[in-house]
Amino acid sequence: MEHLDSVPPRQGLVIFLNGTSSSGKSSIATELLSILDEPWFHMPVDAFHAMRSSVPVPPEQVGTLLHRTWQGFHRAVAGMAAAGNNVVVDHVLSARWRLHDCLSLFAPRDVVFVGVHCPPLELARRERERGDRPPGLAAGQLEQVHSHGVYDVECDTDSATPRECALRIKEFLPDRPTPTAFERLRALL
């Protein structure tokens, strides 16, 4: 049996799915986990919100609580990757500071930044069908989520299935170009 001290450190790869609520990120992540050849972890931001207890939070403290939750989520993802784990991140970069925080924490060479797009009418239909999101949430996120404009891979979930998007991402992995989108964004921002 190999001793843990002799395991060489390696940085895990992060597939970072960014798109509005209801754009199809979780469906793509599920497909990725079923087709990727190595072990991967799916870390959706929604799972971190779901870990919180149901203790009522005073309205004036909600913003601070959410901010700390997102900061903790970013650090948990960075920690998993730094420990050598491959991670699929499912996130909504609907506030500029979130992208800046991730750029400062993640190894930019080891991030595959994926833009998950979906047209507004389809987003609204999906929100209605889900019933667990306020109407108009995704539409309100559209402008900010993709405002940085730089990705390694982009998918449109209105014209491609989650499986097709996952296959496109998997095909991209072996020959990732340099600089990566995260490297270019870090240099710009």
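Details of the structure are given in the entry above.
Criteria and cut-off values
Residues numbered from 1 in each chain as written. Predicted model: local features only at pLDDT ≥ 70, side-chain atom pairs only at ≥ 80, totals over all residues. Heavy atoms only, no water. 1 Å grid on protein atoms, 1.4 Å probe; cavity = no way out; pocket = protein on both sides within 12 Å on 5 of 7 lines; lining within 4 Å. Points joined across faces, edges and corners; volume = space filled by probe spheres on them. Helix = DSSP H or I, 4+ residues; strand = E, 2+ residues; numbered from the N terminus. Nonpolar A, V, L, I, M, F, W, Y, C, P; charged D, E, K, R; others polar. Contact = heavy atoms within 4.5 Å. Phe/Tyr/Trp six-rings, centres within 6.5 Å; stacked < 30°, edge-to-face > 60°. Buried < 20%, exposed > 50% of the residue type's maximum accessible area, 1.4 Å probe, protein only. Lys NZ or Arg CZ within 6 Å of the ring centre and 35° of its normal. Pairing = 2+ DSSP bridges.

**Student:** Could you give an account of empty space enclosed by the protein, naming the residues involved and the relevant values?
**Tutor:** One water molecule sets the probe size; rolling that probe over the atoms shows where empty space is left. Per the stated rule, a full pass over the model turns up one cavity of 30 Å³ or more. Here the largest cavity is characterised by a volume of approximately 40 Å³. The set of elements that each furnish at least two residues to the lining of the largest cavity consists of α4 (96-105) and α6 (137-145). The class makeup of the residues in the lining of the largest cavity is four nonpolar, three polar and one charged.

**Student:** Can you break down unusual backbone geometry residue by residue, with the values?
**Tutor:** The omega angle of the peptide bond from threonine 178 to proline 179 is 0 degrees, so this bond is cis rather than trans. We note that serine 22 has phi near 70 degrees; this positive angle belongs to a residue other than glycine. When you line up the elements, serine 22 lands in the loop between β1 (14-18) and α1 (25-35).

**Student:** Lay out the environment of phenylalanine 113 in plain terms, naming residues and giving numbers.
**Tutor:** As for its placement among the helices and strands, phenylalanine 113 is situated in strand β4 (residues 111-117). Spatially, the C-alpha atoms of phenylalanine 113 and valine 153 are 6.6 Å apart, while their sequence positions differ by 40 residues. Among residues more than four places away in sequence, those in contact with phenylalanine 113 are Phe16, Asn18, Leu93, Leu99, His148, Val150, Tyr151, Asp152, Val153, Ala181, Phe182 and Leu185.

**Student:** Residue-level account of the packing of aromatic side chains, with values.
**Tutor:** Here the structure, examined in full by the defined rule, presents seven aromatic pairs. Between phenylalanine 16 and phenylalanine 106 the ring centres are 6.1 Å apart and the planes differ by 50 degrees, which places this aromatic pair in the tilted class. Of this pair, phenylalanine 16 sits in strand β1 while phenylalanine 106 sits in the loop between α4 and β4, and the two are 90 residues apart along the sequence. Grouping residues by exposure puts phenylalanine 16 and phenylalanine 106 together as buried. These aromatic residues form a ring-pair network of at least three members: Phe16, Phe106, Phe113, Tyr151 and Phe182. Here the basic side chain of arginine 98 rests over the ring of tryptophan 70, its NZ or CZ set 3.5 Å away from the ring centre.

**Student:** Go over the pairing of strand β5 (residues 153-156), please, and point to the residues and values.
**Tutor:** Taking every second residue as pointing to the same face, the buried face of β5 carries Val153 and Cys155, while none of Glu154 and Asp156 on the other face is buried. For β4 and β5, the ladder comprises four bridges, and the chain directions are parallel. In the sheet register, glycine 115 faces β5, and the bridge partner there is glutamate 154.

**Student:** Account for the layout of surface pockets, naming residues and giving values.
**Tutor:** Within this model, the largest pocket holds a volume of roughly 400 Å³. For the largest pocket, the lining is made up of 24 residues, of which Ser21, Ser22, Lys25, Asp46 and Arg133 are closest to its centre. Broken down by secondary-structure element, the contributors of at least two residues to the lining of the largest pocket are α1, α2 (45-50), β3 (86-91), α5 (120-130) and α6. Class assignment for the residues of the lining of the largest pocket results in six nonpolar, 11 polar and seven charged. Its volume calculated, the second largest pocket comes out at about 220 Å³. As for the second largest pocket, its lining consists of 14 residues, of which Leu13, Glu38, Trp40, Asn86 and Leu173 are closest to the centre. A breakdown of the residues in the lining of the second largest pocket according to their chemical character gives five nonpolar, three polar and six charged.

**Student:** Provide a residue-level description of the pairing of β4, including the pertinent values.
**Tutor:** Summarising burial for β4: six of the seven residues are buried, a large majority. Both β1 and β4 contribute to a ladder of five bridges, which runs parallel. Residue pairing for β4: valine 14 is matched across the bridge by valine 111.

Everything listed here is a matter of geometry and, on its own, says nothing about what the molecule does.
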